[in-house]
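# Structural overview
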Amino acid sequence: MPLTTSKEMFAKAYDGGYAVGAFNVNNMETIQGIVEAGVECRSPLILQVSNGARKYAKMVYLKKLVEAAVEDSGLPICLHLDHGDSFELCKQCVDDGFTSVMIDASKLPFDQNIELSKKVAEYAHARGVVVEAELGTLAGVEEHVSNKYGCFTNPDEVEEFVSKTGVDSLAIAIGTSHGAFKFKGEAKLRFDILEEVSERLPGFPIVLHGSSSVPQEYVQMINEFGGAMPGAIGVPEDQLRQAARLAVCKINIDSDLRLAMTGTIRKYLAEHPAEFDPRKYLGPARENIKQLVKHKIVDVLGCDGKA
Ligand code: G3H
Ligand code: 13P
Ligand code: ZN
């Protein structure tokens, strides 16, 4: 089976009241851990690559690893560009064989976001590639407060945005943010905004970025074995499960994978100071990524058995 787009994945997820996990990848062990989890849970997968990941690993290597994952697993796998910030980058990824790209023009004024997202959608669609765009700003809620929604997505804008751009899915801002320090006060998502958006866009797939839950098990492991991440906190899993039952069809997870890998490696090296074979610590890191992703698939996303 070749790489697939997310079109069919999202249609099934919307109707089935679950979401597909979009996991960021940079290296072989992370890809293998995610894919082994996907195989055991018979789950569709989105493997996403940021521009930083492209630069770190080189696309030629990542592409081959993702193709190997498809061949090895037989799962429906979508290769997605995460946070493309220009037409040129999105075009490059379409030309490189990605099946999905994100154009993130959310920092631009509304009209310019529409113009750029539309241009990417036209190029991608002509080549069978689907497009995610974003409206609203994830972090810095106190900045640029221009209306009653602040930096959250304004539901009054979504119909015009989707109809004018022709994009296939929309990332919205309802209180999530990137990284491992997500909330200063109460960890609570704006379900009222999600519901208003989905009323205006019936059947349309919504995406949540910044959706790591920052497992305290790994925060403690990191802090115990030489790290310093006091106060790290993520999105409560029950709220993500609730979002997945509604219109959210794609949930982005990167930080949790980083925490599992870093915590495992810190612990292993602290307990085996004389060990210098990277396979000895990358192996357990891969295993813990697999267990983490299985937990996400079954208990948070609800996409087990859907491949
Ligand atoms: O949303 C950003 C992702 O976590 C990717 O991060 O740009 O450091 O690869 P990165
Ligand atoms: P986290 O930092 O919460 O894992 O978010 C990742 C993400 O949104 C990638 O686009
Ligand atoms: Zn993101």
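Quick look at the structure, then. (Residues numbered from 1 in each chain as written. Chains lettered and ligands numbered in written order. Predicted model: local features only at pLDDT ≥ 70, side-chain atom pairs only at ≥ 80, totals over all residues. Heavy atoms only, no water.)

## Things to note about the sheet that holds strand β6 (residues 169–172)
What counts, and what does not: Two strands make a pair as long as DSSP finds a minimum of two bridges between them. Numbering of helices and strands runs from the N terminus; a helix is a DSSP stretch of H or I covering at least four residues, while a strand is a stretch of E covering at least two. Each axis is a line fitted through C-alpha atoms, taken for helices only over the stretch in contact, and angles between the N-to-C directions span 0 to 180 degrees. The criterion used for residue contact is that any of the two residues' heavy atoms lie within 4.5 Å.
Taken together, the 8 strands give a closed barrel; going around it, the order is β1-β2-β3-β4-β5-β6-β7-β8, and neighbouring strands pair in parallel fashion. In this sheet, adjacent strand axes meet at a mean angle of 25° when their direction is disregarded. When strand β3 (residues 77–84) meets strand β4 (residues 100–103), the two strands line up parallel, connected through 3 bridges. When the sheet's bridge partners are listed, L81 is paired in β4 with V101. Contacting β2 (45–50) and β3, helix α4 (residues 59–73) runs over the sheet at an angle of about 150° to β3.

## Describing the coordination of the zinc ion (ligand 3)
For a metal with four tetrahedral donors the ideal donor-metal-donor angle is 109.5 degrees, while six octahedral donors give ideal angles of 90 or 180 degrees. Our working definition: Metal donors were taken as nitrogen, oxygen and sulfur atoms no farther than 2.8 Å from the ion, or 3.2 Å where the ion is Na, K or Ca. Water is excluded, so coordination may look unfinished. For every residue, the accessible area (1.4 Å probe, protein chains only) is compared with the maximum for its type, and the residue is labelled buried under 20%, exposed over 50%, or partly exposed between those bounds.
At 2.1 Å from the zinc ion (ligand 3) lie its protein donor atoms, namely H83 (NE2), H178 (NE2) and H209 (ND1). We note that the donor set of the zinc ion (ligand 3) lies within a single chain, spaced as H-x94-H-x30-H. Of this pair, H178 sits in the loop between β6 and α8 (191–200) while H209 sits in the loop between β7 (206–208) and α9 (216–224), and the two are 31 residues apart along the sequence. By relative accessible area, H178 is classed as partly exposed at 46%.

## Describing the site of ligand 2
For clarity, the threshold we go by: The criterion for a residue being near a molecule or strand is simple. One of its heavy atoms has to lie within 4 Å of it. Computed by Shrake-Rupley with a 1.4 Å probe, the accessible areas treat only the displayed protein chains as cover when residues are assessed. Throughout this entry, Asp, Glu, Lys and Arg are counted as charged residues, while Ala, Val, Leu, Ile, Met, Phe, Trp, Tyr, Cys and Pro are counted as nonpolar. The remaining residues, Gly among them, count as polar.
Taken together, 16 residues sit near ligand 2, with D82, K182, S212, D254 and S255 positioned nearest. About the coverage of ligand 2: the protein hides 97% of its 310 Å² of free accessible area. Among the secondary structure elements, those contributing two or more residues to the shell around ligand 2 are β3 and β8 (248–253). The residue inventory of the shell around ligand 2, partitioned by class, reads 1 nonpolar, 12 polar and 3 charged.

## Observations concerning the site of ligand 1
Where we set the bar: Any pair of N or O atoms that falls within 3.5 Å is considered a polar contact. Within protein, one atom must be able to donate a hydrogen and the other to accept it, and sequence-neighbouring residues count only if both atoms are side-chain atoms.
Lining the immediate environment of ligand 1, one finds N24, S50, D82, H83, H178, D254 and R258. Here an oxygen atom of ligand 1 sits 2.6 Å away from a polar atom, N or O, in the side chain of S50. The side chain of D254 places a nitrogen or oxygen atom 2.6 Å from an oxygen atom of ligand 1. Here ligand 1 has 300 Å² of accessible area as a free molecule, and 65% of this is covered by the chains.

## Focus: the pairing of β6
Rule in force here: Clockwise travel from the first strand over the helix to the second, with the strands pointing away from the viewer, marks a crossover as right-handed.
Side chains S169 and A171 of β6 all project onto a buried face; the interleaved residues L170 and I172 project onto the opposite face, where all are buried too. Summarising the sheet, strand β5 (residues 130–135) and β6 pair through 4 bridges and their orientation is parallel. Across the sheet, residue E134 finds its bridge partner in β6, namely A171. Inspection of the sheet shows β6 paired to β7 by 2 bridges, in the parallel sense. Across the sheet, the residue bridging to L170 is I206, located in β7. In the classification by handedness, the crossover that spans β6, the intervening α8 and the parallel β7 is right-handed.

## Things to note about the pattern of salt bridges
For clarity, the cut-off: Counted as salt bridges are all cases of a side-chain nitrogen of Lys or Arg within 4 Å of a carboxyl oxygen of Asp or Glu.
Counted by the stated rule, this structure contains 20 salt bridges. The residue K12 makes a salt bridge to E8 at a minimum N-O spacing of 3.3 Å. Taken together, the residues span about one helical turn, with K12 and E8 both in helix α1 (residues 7–16) at a distance of 4 residues. Residue K12 is classed as partly exposed on the basis of its relative accessible area of 44%. The closest approach of N and O atoms between K164 and E160, which form a salt bridge, is 2.8 Å. Residue K164 and its partner E160 are located together in helix α7 (residues 158–165), separated by 4 residues, close to a single helical turn. For E160, a relative accessible area of 33% puts it in the partly exposed group. Counted as one network, the salt bridges with shared partners bring together E36, E40, K290 and K294.

## Here we look at the packing of helix α6 (residues 110–125) against α7
Applicable threshold: Handedness of a helix crossing follows the sense of rotation of the near helix relative to the far helix, less than a right angle counterclockwise being left-handed and clockwise being right-handed.
Relative orientation of the contacting elements α6 and α7 amounts to 35°, with a least axis distance of 8 Å. α6 and α7 meet at a crossing whose hand is right-handed. Residues F110, N113, I114, S117, K118 and A121 of α6 touch α7, and the partners they reach there are E160, F161, K164 and T165. Per-class residue counts for the contact of α6 with α7 are 4 nonpolar, 3 polar and 3 charged.

## Describing α4
Rule in force here: The length a helix should cover is 1.5 Å for every residue beyond the first. Here the arc refers to the directions that run from the helix axis out to each C-beta atom.
Its 15 residues place the ends of α4 21 Å apart at the C-alpha level, agreeing with the 21 Å of an ideal helix rising 1.5 Å per residue. M59, L62, K63, V66, A69, V70 and S73 are the residues of α4 that are buried. Considered in projection along α4, the buried side chains sweep an arc of 115° and stay on one side of the axis. Residues of α4 that are exposed and angled more than 90 degrees away from the buried face: V60, Y61, K64, E71 and D72. Buried residues along α4 sit against α2 (28–41), β2, α3 (51–57), β3 and α5 (87–96). Backbone geometry just after α4 places G74 at a positive phi near 70°.

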